[in-house]
Amino acid sequence: MGTARTLAHAYRRFGEVDAAGISPLYERVAVALSESAEALQAIGTAPARRRQPALILAALHDLALAGRAPALAAAYAAEDGDAAADAAIDTLLRQADSVVAVAVRRRRTRPDETGRCAVLYPAVAEAARRVGADAIGLIDVGCSAALNLNVDRVRITYGDGRSLGDPSSPVHMPASLVGDRPVPATAMPEVAARVGVDADPVDVTDADDVRWLRACVWPGRPERAARLEAEMALAATAPASLLRGDVVEMTPEAVARVPAHALPVVTTTWALSRIPAEDRRLFLDRLAEAAAGRSVAWVSVEGVGVAPTVPTLGDRPASGHSIIGLTVLDGSAPRGEALGRCWSRGRMLAWLSDS
């Protein structure tokens, strides 16, 4: 009974708080699941860490997209919340093993993989400028389905009218600005390598992985779905090299894959918060080891106090925004700087650096 009550509370909260005003479909479905003893019992067959609402709902969505839950797919397409709730419960009761299998196979949901390039582009370009690099190798850790690795291939427009990136790109990312300091207009140099490192990398050329990314977009959000489709199509035209394994231990190997003439630029976007605090310092140590014979730059977009070496600007942890950091490693003591702040997963930023 205790497990059922806990699950019921979690699913009701997800519907009434997390999904409210964002996805009416998920709001209705999550509340319905919280009120169904049979559905909660089916969810309870999953391992404890795989019962969270976002993951189970994504697993249900995955089955719908795969054609294995046609009634749920039809309800989502029609944006019929009541029908979606009934179909979700029916799918759980009839295919509990399949839902749990998807939830177990996938390490995490990926609902916010898009939209990060507006923050990354000026920071990566600044890293190259400071080191004097004519070419770079992009290494994305916790690699966001490799979509961050196309940062130079998207069109970015800022609230002040300034644009960066490829003006002809089919992928357009707008971003709002806070404050009166403009984002630098420095262009990114040639990208000589694109490498992603993740414990569970998602390959945009693999049909199952693509379906999972689509399943992680909450239904009833056509603009988010359309942008994901455009980004995946762009990424598929230049597939990245993906390394699977521990992100701390695998990063030096990723650095070694960057040609000698190019500056390795490692990027992390809300990736370090997923590893224990003690391993974040170890991550920095591994970067320093990789920089023993060459310069390496690390561009971090992490919560306040998460990235070692990056100043917090006096901000408090869990303050609702993140800090854009740049750390250069070249054999000497790592030098970290806060370039700016950002909100809404990179859709709003304040540039602070005097560069």
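Anything mentioned here points back to the structure above.
Residues numbered from 1 in each chain as written. Predicted model: local features only at pLDDT ≥ 70, side-chain atom pairs only at ≥ 80, totals over all residues. Heavy atoms only, no water.

### Some details on the overall build of the protein chain
For step 1, the next point in the chain: The secondary structure content of the protein chain amounts to 12 helices and 11 strands.
For step 2, the next point in the chain: At 21 Å, the protein chain has a C-alpha radius of gyration in line with the 20 Å of a compact globule built from 355 residues.
For step 3, the next point in the chain: Each principal axis of the C-alpha atoms in the protein chain carries an extent, and together these give about 60 × 40 × 40 Å.
For step 4, the next point in the chain: Counting across all 355 residues of the protein chain, residues that qualify as buried make up 54%.
For step 5, the next point in the chain: Restricting to contacts in the protein chain with at least 6 residues of sequence separation, those with at least 24 account for 70%.
For step 6, the next point in the chain: Roughly 14700 Å² of accessible area belongs to the protein chain as shown, and the carbon and sulfur atoms make up 50% of that amount.
For step 7, the next point in the chain: In the protein chain, which carries 39 positive and 43 negative side-chain charges, the distance between the mean positions of the two groups comes to 2 Å. (Helix = DSSP H or I, 4+ residues; strand = E, 2+ residues; numbered from the N terminus. Rg over C-alpha atoms; globule rule 2.2 N^0.38 Å. Buried < 20%, exposed > 50% of the residue type's maximum accessible area, 1.4 Å probe, protein only. Contact = heavy atoms within 4.5 Å. Areas by Shrake-Rupley, 256 points an atom, 1.4 Å probe, with all protein chains shown as cover. Lys, Arg positive; Asp, Glu negative; His and termini not counted. Charge placed at Lys NZ, Arg CZ, Asp CG, Glu CD.)

### Topic: the nonpolar core
For step 1, the next point in the chain: With 41 residues, the main nonpolar core has Leu-33, Leu-57, Leu-60, Leu-72 and Leu-92 as its most contacted residues.
For step 2, the next point in the chain: For this core, the secondary-structure elements that each account for two or more residues are α1 (2–18), α2 (24–34), α3 (37–43), α4 (53–65), α5 (70–78), α6 (81–94), α7 (96–105) and α9 (207–215).
For step 3, the next point in the chain: Considering each element in turn, this core owes the most residues, 8 residues, to α4.
For step 4, the next point in the chain: Apart from residues lying up to four places away in sequence, Leu-92 is in contact with Leu-33, Ala-39, Ala-42, Ile-43, Leu-60 and Val-99.
For step 5, the next point in the chain: Counting 40 residues, the second largest nonpolar core, distinct from the first, contains Cys-117, Val-154, Val-265 and Val-299. (Core = buried A, V, L, I, M, F, W, Y, C linked by side-chain atoms within 4.5 Å.)

### Remarks on the sheet that holds strand β11 (residues 348–351)
For step 1, the next point in the chain: Read across the sheet, 11 strands follow the order β3-β2-β4-β11-β10-β9-β8-β7-β1-β5-β6 without closing on themselves; strand pairing throughout is mixed. In this open sheet, the two edge strands, each paired with only one partner strand, are β3 (163–165) and β6 (241–244). When strand polarity is set aside, the average angle formed by the axes of neighbouring strands in this sheet is 25 degrees.
For step 2, the next point in the chain: Pairing between strand β1 (residues 135–141) and strand β5 (residues 190–198): 7 bridges, direction parallel. (Pairing = 2+ DSSP bridges. Axes fitted to C-alpha atoms, helices over the stretch in contact; angles between N-to-C directions.)

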